Amino acid sequence: MLTRGVNPKSDRKQRRCAARLASESTFKTIYEKWLEFRGYELKEGRQTTLTVMKRVFKKDVLPMIGNVSIYKIGRADLLDLVGRIERRNALSVAGRVRIWLNQLFRMRW
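Summary of the structure given here.

**Things to note about the overall build of the protein chain**
- A tally of regular secondary structure across the protein chain gives five helices and zero strands.
- If you list the helices and strands of the protein chain from N to C, you get α-α-α-α-α.
- A compact globule built from 109 residues should have a C-alpha radius of gyration of about 13 Å, whereas the protein chain, at 18 Å, is more than 25% larger.
- Expressed as a percentage of its 109 residues, the buried residues of the protein chain come to 33%.
- In the protein chain, of all internal contacts separated by at least 6 residues, the share reaching a separation of at least 24 is 56%.
- Element-wise, carbon and sulfur atoms account for 52% of the exposed surface of the protein chain, whose accessible area totals about 8,200 Å².

**Here's the deal with the side chain of D60**
- For D60, the location among the structural elements is in helix α3 (residues 49–65).
- On the basis of relative accessible area, D60 is assigned to the buried category, the value being 10%.
- At 2.6 Å, the side chain of D60 and the side chain of R88 are in polar contact.
- With residues near it in sequence (within four places) discarded, D60 still touches L81, I85, R88 and V93.

**Points about a positive patch on the surface**
- Together, K9, R12, K13 and R16 give the surface a local cluster of positive charge.
- Mapped onto the secondary structure, R12 falls in helix α1 (residues 8–24).

About the cut-offs
Residues numbered from 1 in each chain as written. Predicted model: local features only at pLDDT ≥ 70, side-chain atom pairs only at ≥ 80, totals over all residues. Heavy atoms only, no water. Helix = DSSP H or I, 4+ residues; strand = E, 2+ residues; numbered from the N terminus. Rg over C-alpha atoms; globule rule 2.2 N^0.38 Å. Buried < 20%, exposed > 50% of the residue type's maximum accessible area, 1.4 Å probe, protein only. Contact = heavy atoms within 4.5 Å. Areas by Shrake-Rupley, 256 points an atom, 1.4 Å probe, with all protein chains shown as cover. Polar contact = N/O pair within 3.5 Å; in protein donor to acceptor, adjacent residues only side chain to side chain. Patch = residues over 30% accessible without salt bridge, like charges linked within 9 Å, V, L, I, M, F, W, Y side chains within 5 Å. Salt bridge = Lys/Arg side-chain N within 4 Å of Asp/Glu carboxyl O. Lys, Arg positive; Asp, Glu negative; His and termini not counted. Charge placed at Lys NZ, Arg CZ, Asp CG, Glu CD.

See the structure below:
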């Protein structure tokens, strides 16, 4: 590394920082922060919005894009996600997911 003009100590530090930032910006991490924020105004219960939101994201959204960086998710990915839910004929769930994703991506972190 030294022969290439790279300081090993600063290179390690930069790699650790990049790994930390990558883990902090996954969709799942941002979703959990958004859910905590939404939890202040929504009530917990059997069929409340918060409970339904948690269940739908756990079943449909997080398995597909949970580990993807929030910066790498595009409209095509989200349309594919909502389309898969629609193909199951869960049209009301697809509508809700579209609204929730819109709210999540419009938040200013």
